[in-house]
Amino acid sequence: MEASKVYDTGLLYHHYANTAYPLTPGSFGAYRVSGAEGVKRQLEAEWGRVESYCLYVHIPFCQSRCRFCEYTVLEGAGEETEAEYVDLLLREMELYAPLLRGKRVMGFDIGGGTPLKLSTGELARIVARARALFAVDPAVMWSIETTPVIAARDPEKLRAVRELGFRRISMGIQTVAPHLLAELGREGEPHIYEKAVRHIRQAGFEQFNVDLMYGFLKQSDQELETTLRYAVALKPTQITLYRNRYKGTKLEAEAGGVSLYKAMRQYRLAYRILTENGYHANIGKNTFSRLEGDWGTSDYLTHRVIEGMPYLGLGLGAQSFGLGYLSYNEGAATKRLDQYRDKVMAGIFPLQDVYALPQEECMAKMLAVCFYFGFVDLQAFRRRFGRDLQEVYPDEVRFVLDRNLMEFHDGKLMLTPRGADFINGVIPLFYSERSKQELLRLYERRRAPESEGERNFLATYSIEAFDRPSVATDVVAMTIRHETADSYRRPGRPHLSVLLIRRAEHPFMGKWALPGGFLRHGEAVGHCAQRELFEEAGLSVEALHPLGCFSEPGRDPRGWILSNAFLAVVGTADRSLLAGDDAMDAQWFDLDFHEENDRLTLVFTHAQVRLEASLRLTRNRFGQFAFGTLSSELAFDHAVIIATALKALQAGDGLRRLAFAFLPAEFTIAELQTVHELLLGRPLLAANFRRKILPFLSPTKRTTSGAGHRPAIIYTKQQENDNNEL
Ligand code: SF4
């Protein structure tokens, strides 16, 4: 299948196209092995040809289920259930033991759930039986997971676990923002983390990892930065970054609100902060370590990711992957113990689904997982499949090289910074043909007809029968800048700026225009606007304010082209620009405007470039503004779109609501007044402004200091719903 189509679809469905493979629970239905005898034969044949493997034991117990959790978890189980579960686990180990005799275990993890919710005695039983039945290599660093609550509360248990032989421990912090912790239904509070870390250190673990998460709908960049800096200050040996995967979680409905560009921006932020603070990782990788030569993961995960080493998962819902099969234990779908219990007690492998996979699917599975580390090890791929990656995927490899998404380096095919941004387009390139088709079908999914009559109507309806316009988007990105290195103005004076790109192609080649472009097949207009802004100027924004559809005949010399325009307010955080794709340059232009009678003049300046547009301004009977172009040095009708954005910002409610977006989360009233003045183009009376704006602000307990003025109170915006934003 055409690589560009798969790549584009992966970006559109970025919450699906990730390292989790297969795509959906039903994806491998065609490969299902049926009947207890068939399963037994499959397992015997599979494990017969394995020499070394990794072992994972799943403990499914948690106090309560976090809303983002995608794992097999049982809530609120008591000690009796836990003890019974360990009995079942030991029996499951015994079922596999004859198949694995003489084969070396190269990684051993106990994960969950919350393994440390078990008593020390139960954990000791698991370890003793694993040691007795499986040939765990003495060099393997065993790894186990804890929660901050348990680590803070029970230092004795940590010491006991260390004595059992676990040298590495991993603790999920995820975020330190109290409102987000509450939102995610996560137990514990930030103040316990330091105590938890102290106990982990005192217990003597050689390696200690902290898990953090990003990409939540209600997580700001500032909160993520606070969490990252907090985690760095705890000095763990490793930090693992997980992007929230909405599929199958209680947060699934929020997925559409989180753009690819938010995820991208937050990964970049995290990568910068972690690498600046002594944690190393190649770009695109999600595990960071401050130990020389360390991959940042447990032995179990390192072998799985780099080498595609077979692994056996034991316990409720656990997944196993052999050289030619994939399986899920009972409980993976139902998250219930009874079927798992029934099969184990009957002496049957407690498997819910077993799939005998063709080589193409095994390759896809291995490669999807490789992207945890941001690269494919070429020798490991050859060792596992006896073929070269370039031989199996010639078009896909050419595509990622041509588009500067990946590059060959040191025996690996590695993500470039651009590839790390667009990883959700890269991963599905290596899916099997069947999975690529499945991904494409996801976005072609339509509502089923409601009646026979509607079905018949749709069967004969031809969308081609009507003349249709092309649809594009344009974005008015605005910010307030104090930098004046390239301006004729006095240093330090703030000014309103708008982003323009210099067109690299006809029509209007060489002219300055708004960033924008055509909708791709299946794409929503808001997504298109975000994508174009990123591709042409390297800017990543989430909140877009719709300005309307621009459809004046003749607005585009190429033909009948409608543009859906959006306003993007770019805050102080990241305004650096990078021209790309159809743009030869991208710059912030100072914007001055002057309105007199029915005429609006816009002046754009950047260094020596000065552009002007003159517009006739009218109001319709609903009070809405309409503009006619008298003259414009900008391409298309972009001066009209910018004027529309300006009016949206100046309108009473729009001004009050949108002005906050130009500022950081905390600001003074004077700073907010400056924003209002710049947007309105006139000074405001300070006392009057203060009286009107105060009801919309919440004071913090802090004041400014050191600016040579009287300290000013620092405020935040009061919470309200921004329903007009995407
Ligand atoms: S603690 Fe971990 S395993 Fe348990 S519910 Fe929360 S995310 Fe899931």
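A few points on the structure. What you see is a predicted model; the values in this text were computed from it and never measured.

Quick notes on the rules
- Residues numbered from 1 in each chain as written.
- Predicted model: local features only at pLDDT ≥ 70, side-chain atom pairs only at ≥ 80, totals over all residues.
- Near = placed C-beta within 6 Å.
- Nonpolar A, V, L, I, M, F, W, Y, C, P; charged D, E, K, R; others polar.
- Helix = DSSP H or I, 4+ residues; strand = E, 2+ residues; numbered from the N terminus.
- Pairing = 2+ DSSP bridges.
- Axes fitted to C-alpha atoms, helices over the stretch in contact; angles between N-to-C directions.
- Core = buried A, V, L, I, M, F, W, Y, C linked by C-beta atoms within 7 Å.
- Buried ≥ 20, exposed ≤ 12 C-beta atoms within 10 Å, placed from the backbone.
- Contact = placed C-beta atoms within 7 Å.

### Focus: the site of the ligand
In the neighbourhood of the ligand, the contacting residues comprise Cys62, Arg65, Cys66, Cys69, Tyr71, Val73, Gly112, Gly113, Thr114, Thr147 and Gly172. Looking at the shell around the ligand residue by residue, the classes come out as five nonpolar, five polar and one charged.

### Some remarks on unusual backbone geometry
Here the amide bond leading from tyrosine 21 into proline 22 is cis, since omega sits at 10 degrees, within 30 degrees of zero. Considering the arrangement of structural elements, one finds proline 22 in the loop between helix 1 (3-12) and helix 2 (36-48). Cis geometry marks the peptide bond from glycine 112 to glycine 113, where omega comes out at 20 degrees. For glycine 113, the position within the fold is in the loop between strand 4 (104-112) and helix 4 (120-133).

### Details of the sheet that holds strand 16 (residues 406-409)
Reading across the sheet, the three strands line up as 15-17-16 and stay open at both edges, with antiparallel pairing between neighbours. Each edge of the open sheet carries a strand with a single partner, namely strand 15 (375-377) and strand 16. This sheet shows a mean twist of 20 degrees between the axes of neighbouring strands, independent of strand direction. Bridge count between strand 16 and strand 17 (residues 412-415): four bridges; the pairing is antiparallel. Paired with glutamate 407 across the strands is methionine 414, a residue of strand 17.

### As for the nonpolar core
In terms of nonpolar packing, the biggest core is built from 138 residues, with Cys54, Ile200 and Val426 touching the most fellow members. Those residues within four positions of valine 426 in sequence are excluded, and the remaining contacts are Val400, Leu405, Met406, Leu415 and Gly419. Judged by nonpolar contacts, the second largest core, of 62 residues, contains Leu496, Trp512, Ala537 and Leu634.

### Re the sheet that holds strand 28 (residues 666-667)
A sheet is described by the order of its strands in space; here three strands give the open sequence 28-30-29, paired in antiparallel fashion. Taken across any chain shown, the strands that pair with only one partner, and hence form the sheet edges, are strand 28 and strand 29 (697-703). Note that strand 28 and strand 30 (residues 713-717) share two bridges and pair antiparallel. Each bridged residue has a counterpart across the sheet, and for phenylalanine 667 the counterpart in strand 30 is tyrosine 715.

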